[in-house]
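The lines below spell out each chain.
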Amino acid sequence: MIRFIGDIPAKSDSKGRFFLPATLRKTLQSYGEETLVLRKDIFQDCLVLFPESVWNERMDELQSKLNHFNKFHEQILRQFTADSERISLDASGRLLIPKRYLVKAGIESEVHFIGVSKTIEIWASEKIEQAFMDNNEFAQALEELMKDSQF
């Protein structure tokens with residue numbers, strides 16, 4: 001199962017392209033993923049890259065909960081898919097993020113690529129603090145979440 005990890009800062013080149021960090025590219029390649037789907041995160045002020053197989057899993061999950069004869073459900077599906085775009089890395093491992101997505105996430109030239117399990121988040125460097133809890137809050141939340149774990 002594909003798993004991304006890490007927080008890797010990056011800058012755009014003179015043409016506005018970003019090099020996808022090598023560790024993330026290697027993970028994609030090891031699973032044979034060539035196409036990515038980009039969308040603005042639903043809850044956070046960042047962009048999310050989905051390997052196409054992960055995108056398809058999420059779409060299947062969403063569609064399994066929707067009734068195509070329900071107007072509200074169709075609006076949800078429409079908005080979720082219309083706000084998404086397939087993108088590919090070039091031969092050098094760069095991706096060109098369309099301008100409208102950069103504007104939505106407030107990204108200029110410096111970003112952080114954050115591996116979050118099956119997806120890669122792209123955060124404007126100026127907004128990276130929004131991605132994380134304070135250390136004490138994180139420790140307490142994790143302790144509460146895992147209190148009954150046999151791990």
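The shown structure was predicted, so the numbers you read here are calculated from the model rather than taken from an experiment. (Residues numbered from 1 in each chain as written. Predicted model: local features only at pLDDT ≥ 70, side-chain atom pairs only at ≥ 80, totals over all residues. Heavy atoms only, no water.)

### Considerations on the overall build of the protein chain
And then number 1: The secondary structure content of the protein chain amounts to five helices and eight strands.
And then number 2: From first element to last, N terminus to C terminus, the protein chain shows the α and β order β-β-α-β-β-α-α-β-β-α-β-β-α.
And then number 3: When the backbone C-alpha atoms are referred to their principal axes, the protein chain occupies close to 45 × 45 × 30 Å.
And then number 4: For the protein chain, the residues scored as buried account for 36% of the 151 residues in total.
And then number 5: For the protein chain, the exposed area adds up to about 9,800 Å²; of that, 52% sits on carbon and sulfur atoms.
And then number 6: Taking the 20 positively charged and 24 negatively charged side chains of the protein chain as two groups, their mean positions are separated by 6 Å. (Helix = DSSP H or I, 4+ residues; strand = E, 2+ residues; numbered from the N terminus. Buried < 20%, exposed > 50% of the residue type's maximum accessible area, 1.4 Å probe, protein only. Areas by Shrake-Rupley, 256 points an atom, 1.4 Å probe, with all protein chains shown as cover. Lys, Arg positive; Asp, Glu negative; His and termini not counted. Charge placed at Lys NZ, Arg CZ, Asp CG, Glu CD.)

### Observations regarding the pattern of salt bridges
And then number 1: Tallying each qualifying case throughout the model produces ten salt bridges.
And then number 2: E57 is the partner of K118 in a salt bridge, and the nearest nitrogen-oxygen pair spans 3.1 Å. Here K118 is found in the loop between β7 (110-116) and β8 (119-124), whereas its partner E57 is found in helix α2 (residues 52-64), with 61 residues between them in sequence.
And then number 3: A relative accessible area of 42% means that E57 is categorised as partly exposed.
And then number 4: One salt bridge connects R100 with E85, and the closest N-O pair in it is separated by 3.0 Å. Placement of R100 in helix α4 (residues 99-105) and of E85 in strand β5 (residues 84-88) is noted, with a sequence separation of 15 residues between them.
And then number 5: Owing to a relative accessible area of 26%, E85 belongs among the partly exposed residues under this scheme.
And then number 6: One salt-bridge network, held together by shared partners, links K40, D45 and K127. (Salt bridge = Lys/Arg side-chain N within 4 Å of Asp/Glu carboxyl O.)

### A word on the packing of aromatic side chains
And then number 1: Applying the stated criterion across every chain, the model contains two aromatic pairs.
And then number 2: A ring pair is formed by F50 and W55, whose centres lie 5.2 Å apart and whose planes are at 70°; its orientation type is edge-to-face. Taken individually, F50 and W55 each receive the classification buried, so the pair is uniform in this respect.
And then number 3: Pairing W55 with F80 gives two aromatic rings, centres 5.2 Å apart and planes at 5°, and the pair type is stacked. Here W55 is found in helix α2, whereas its partner F80 is found in helix α3 (residues 71-82), with 25 residues between them in sequence. Of the two residues, W55 and F80, neither departs from the other in class, the shared state being buried.
And then number 4: In textbook terms, an aromatic cluster arises when at least three aromatic residues are bridged by ring pairs, as seen for F50, W55 and F80.
And then number 5: Residue placement shows R39 over the ring face of F80; its charged tip is 4.3 Å from the ring centre. (Phe/Tyr/Trp six-rings, centres within 6.5 Å; stacked < 30°, edge-to-face > 60°. Lys NZ or Arg CZ within 6 Å of the ring centre and 35° of its normal.)

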